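Coordinate analysis (summary)
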Amino acid sequence: AVRASGLTIDAEAFPVFADPDRSARRATALGAAVSWNLSHDVRWLLDYEWTRFDGGAAGRRDRADEKVLSTRFQVAF
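A short tour of the structure in this document, coming up. Keep in mind that this is a model prediction, so the values were computed, not measured. (Residues numbered from 1 in each chain as written. Predicted model: local features only at pLDDT ≥ 70, side-chain atom pairs only at ≥ 80, totals over all residues. Heavy atoms only, no water.)

Overview of the side chain of Asp54
- Structurally, the position occupied by Asp54 is in strand β3 (residues 42-57).
- Residue Asp54 is classed as buried on the basis of its relative accessible area of 19%.
- There is a polar contact of 3.0 Å between the side chain of Asp54 and the side chain of Arg52.
- Excluding its chain neighbours within four sequence positions, the residues that come into contact with Asp54 are Ala24, Arg25, Arg26 and Asp62. (Helix = DSSP H or I, 4+ residues; strand = E, 2+ residues; numbered from the N terminus. Buried < 20%, exposed > 50% of the residue type's maximum accessible area, 1.4 Å probe, protein only. Polar contact = N/O pair within 3.5 Å; in protein donor to acceptor, adjacent residues only side chain to side chain. Contact = heavy atoms within 4.5 Å.)

Printed below as a string of structure tokens:
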């Protein structure tokens, strides 16, 4: 599976509700997933997601990208 998502915060949220030096204004994420069904009751999943931020760091610079790799092994009884 492949997915893409995004979040944009309204400019009116800054600086009343959010600190522009600590809160990202926009986030864009791309992800991919693999699922392997070993049998009817056993499956393994692997997910990777990369998120890019606009804003969110001191001096109104961009926050560092986040990269997440997660896995799940599932057994159904």
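So, next bit.
Here's the deal with the side chain of Thr51
- Mapped onto the elements, Thr51 comes out in strand β3.
- A relative accessible area of 13% places Thr51 in the buried class.
- Not counting the four nearest positions on each side in its chain, Thr51 is found in contact with Ala27, Thr28, Ala29, Asp65 and Glu66.

What to know about the packing of aromatic side chains
- Applying the stated criterion to the full structure yields zero aromatic pairs.
- Over the ring of Phe14 we find Arg25, and its NZ or CZ is 5.0 Å from the ring centre.
- The ring of Phe53 carries the charged tip of Arg63 above its face, separated from the ring centre by 4.3 Å. (Phe/Tyr/Trp six-rings, centres within 6.5 Å; stacked < 30°, edge-to-face > 60°. Lys NZ or Arg CZ within 6 Å of the ring centre and 35° of its normal.)

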